[in-house]
Amino acid sequence: MPPKQPEPTSTSASLGACTTQLASGHTVAIPTETVYGLAARIDIPAAIQSIFTLKERPSFDPLIVHIAELEQLKGLVAEWPPLAGILATAFWPGPLTLVLPKHPSLNPAITSGLETVGVRMPNHPLTLELIRTTGPLAAPSANKFGHTSPTRAEHVQQEFAREIENGDILVLDGGPSEVGVESTVLRVTSDRLEILRPGGVTADQIKARLAAEGLDMSVETPARNDRRSPGHLEHHYMPRKPLVWSLDEKPSQTPLDTTAIAKQLGLPTAAKATVLTLNEDPRLAARELYHQFREADSSTAEFIVVRLPRSKTDGLWSAITDRLKRAAQLQWPLPMPDQIP
Ligand code: TXA
Ligand code: MG
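Residues numbered from 1 in each chain as written. Chains lettered and ligands numbered in written order. Predicted model: local features only at pLDDT ≥ 70, side-chain atom pairs only at ≥ 80, totals over all residues. Heavy atoms only, no water.

Undergrad: For this particular structure, what's the right way to read the packing of aromatic side chains?
TA: The description of an aromatic ring pair uses the distance of the two centres, along with the angle that the planes make with each other. The final tally for this structure, using the stated rule, is 3 aromatic pairs. On the numbers, 6.0 Å between centres and 35° between planes, the contact of W80 with W92 is tilted. Of this pair, W80 sits in the loop between β3 (64-66) and α3 (82-91) while W92 sits in the loop between α3 and β4 (96-101), placing them 12 residues apart in sequence. For W80, a relative accessible area of 31% puts it in the partly exposed group. Plain terms: the ring middles of Y237 and Y290 are 6.3 Å apart, the flat faces sit at 10° to each other, and that makes the pair stacked. You can see Y237 sitting in the loop between β10 (219-220) and β11 (243-248) and its partner Y290 sitting in helix α9 (residues 282-297), a full 53 residues away along the chain. For Y237, a relative accessible area of 2% puts it in the buried group. Taken together, Y237, Y290 and F293 form an aromatic cluster joined through their ring pairs. (Phe/Tyr/Trp six-rings, centres within 6.5 Å; stacked < 30°, edge-to-face > 60°. Helix = DSSP H or I, 4+ residues; strand = E, 2+ residues; numbered from the N terminus. Buried < 20%, exposed > 50% of the residue type's maximum accessible area, 1.4 Å probe, protein only.)

Below you can see the structure in the form of structure tokens.
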């Protein structure tokens, strides 16, 4: 997939200003095809520390390191198994993070003391150009910990108004993120692949690539193992208002009892809801998801309901439903005990 041309939507810092900001140990919000990241230089420990402080992120949640060319893996990973090479060739630049043994020289604060590091090459021309100049950049999503990830420069502005105002963060505006949900986090060993977080590259895409290489290997998904990314908690990606995840056979033909939902949330029965119906095309649904969360958050409604057909579970839908499940306070209709995922 060739990098798309960005369409800046507001005043943006220049690449030169961003390079200087990073060299002085400060952070830059960078556009990527998944979501905006809050980036710092991996060789400046105080800058890495400031990511955790600005985001109010617990130190147990490791950061992904972003590169622009394969040579930048030197000093990041201790091993580069042939399988990693195959996946990087197939999906980079793109929404796939590979978790590999970390290089001993890499600052352990980046990996939260783990022996592995997550690396990815994002597919955005401005960010790739920046990283070619600065070297690898550690970047989590540019939101306060647990909150909805930003997919536009304006979202970063809303999230970090004060920190941008006082110069702690510069924003590089690269237009709306094309994919809209975070990267797939994939743990790679010589004989095993495990998806720790579903994301922009689907399990089927990975399997198809392996099959094309003549490799007969299973791809473990979160439903089939308990291991997941350390920071990918049960409650994550949350808007400020209560969000309800509603599953129906056919949402367009099923009335929704918002009064009963309000009651279940402990709100007055007359509480107003914003009801979001996702696009049938998962690529469009993913692209708009976080923007829709934020629009609903700034509306006059008191809670948000996202309606989804029960059948939407495969491919990119697995990343979308993963985010909805974690962003939601409530699933509706209330699941029977044996249906709770
Ligand atoms: O699309 C993305 O991945 C975006 C953009 C900015 O690249 N980044 C992002 O970062 O979503 P963050 O920090 O919000 O989520 C990264 C996830 C976390 O759940 C973290 O636990 C996991 O990746 N992760 C990072 N390093 C890991 C490691 N060594 N082992 C297991 N999980 C890791
Ligand atoms: Mg995040």
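Undergrad: Help me out: how do you make sense of unusual backbone geometry in this one?
TA: As a rule of thumb, non-glycine residues mostly have phi less than zero, and peptide bonds are mostly trans rather than cis. Cis geometry marks the peptide bond from W92 to P93, where omega comes out at -5°. Within the secondary structure layout, P93 lies in the loop between α3 and β4. Omega for the peptide link from W332 to P333 comes to -5°, which places this bond in the cis form. You can see P333 is positioned in the segment after β14 (330-332). The backbone of E56 shows a phi angle near 55°, a positive value even though the residue is not glycine.

Undergrad: Help me understand the sheet that holds β11 in this model?
TA: The strands that make up a sheet pair up through hydrogen bonds in the backbone, lying either parallel or antiparallel. In spatial order, the strands read β12-β13-β11-β14; together these 4 strands make up an open sheet with parallel pairing. With one partner strand each, in any of the chains shown, β12 (273-277) and β14 form the two edges of the open sheet. Neighbour-to-neighbour, the strand axes of this sheet turn through a mean angle of 25°, independent of strand direction. Two strands pair when backbone bridges link them, and β11 and β14 are joined in this way by 3 bridges, in the parallel orientation. Within β14, the position partnered with S246 by the bridge is W332. Packing against the sheet, α9 makes contact with β11, β12 and β13 (303-309), and its axis sits at approximately 150° to β13. (Pairing = 2+ DSSP bridges. Axes fitted to C-alpha atoms, helices over the stretch in contact; angles between N-to-C directions. Contact = heavy atoms within 4.5 Å.)

Undergrad: Looking at this model, I keep getting lost on the site of ligand 1. Mind explaining?
TA: For ligand 1, the set of nearby residues contains 26 residues, the closest of which are T34, R57, H66, S183 and R197. Take D61: an N or O atom from its side chain is 2.9 Å from an oxygen atom of ligand 1. One of the side-chain nitrogen or oxygen atoms of S183 is found 2.6 Å away from an oxygen atom of ligand 1. In the complex, the protein chains occlude 96% of the 680 Å² of accessible area that ligand 1 would expose alone. Contributions of two or more residues to the shell around ligand 1 are made by β3, β5 (116-120) and β9 (192-197). Among the elements that make up the shell around ligand 1, the one with the highest residue count is β5 (4 residues). Tallied by class, the residues present in the shell around ligand 1 amount to 11 nonpolar, 10 polar and 5 charged. (Near = heavy atom within 4 Å. Polar contact = N/O pair within 3.5 Å; in protein donor to acceptor, adjacent residues only side chain to side chain. Areas by Shrake-Rupley, 256 points an atom, 1.4 Å probe, with all protein chains shown as cover. Nonpolar A, V, L, I, M, F, W, Y, C, P; charged D, E, K, R; others polar.)

Undergrad: I would appreciate a short explanation of the pattern of salt bridges in the present structure.
TA: Any two side chains of opposite charge can pair if their charged atoms end up close together. Applying the stated criterion across every chain yields a total of 20 salt bridges. Residue E288 pairs with R152 through a salt bridge whose shortest N-O separation is 3.8 Å. Here E288, found in helix α9, pairs with R152, found in the loop between β6 (137-138) and α5 (153-159); they are 136 residues apart in sequence, far enough to count as distant. The class of E288 is partly exposed, set by a relative accessible area of 31%. (Salt bridge = Lys/Arg side-chain N within 4 Å of Asp/Glu carboxyl O.)

Undergrad: Before we go on, may I ask you to explain the pairing of β12 in this structure?
TA: Along any regular strand the residues' side chains alternate between the sheet's two faces. Side chains T274 and L276 project from β12 onto a buried face, and the interleaved A273, V275 and T277 project onto a face without burial. Bridging between β12 and β13 involves 5 bridges; their strand directions are parallel. Across the sheet, T274 pairs through a bridge with I304, a residue of β13. As a crossover connection, the stretch from β12 through α9 into β13 is right-handed. (Right-handed = clockwise from strand over helix to strand, strands pointing away.)

Undergrad: How should I be thinking about the sheet that holds β10 in this particular structure?
TA: Strands sit in the order β7-β1-β2-β6-β3-β5-β4-β8-β9-β10 across an open sheet of 10 strands; the sheet is mixed. Two strands in the sheet have a free side with no partner beyond their single neighbour: β7 (169-171) and β10. Bridging between β3 and β5 involves 3 bridges; their strand directions are parallel. By the bridge assignment, V65 is partnered in β5 with V119. Strands β1 (27-30), β2 (37-41), β6 and β7 of the sheet are contacted by helix α2 (residues 45-55), whose axis makes an angle of about 155° with β2.

Undergrad: Explain the nonpolar core here, please?
TA: Grouped together as the largest cluster of nonpolar side chains are 51 residues, with contacts concentrated most on L87, L96, L98, V119, L186, L193 and I206. Here this core gets 5 residues from one element, more than from any other, and that element is α3. Setting aside chain neighbours within four positions, we find I206 in contact with L87, F91, L96, L186, L193, I195, V201 and V219. One finds L247, Y290, F293 and A319 within the second-largest nonpolar core, a separate group that totals 25 residues. (Core = buried A, V, L, I, M, F, W, Y, C linked by side-chain atoms within 4.5 Å.)

Honestly, that's just the spatial picture; any functional story needs more than this.
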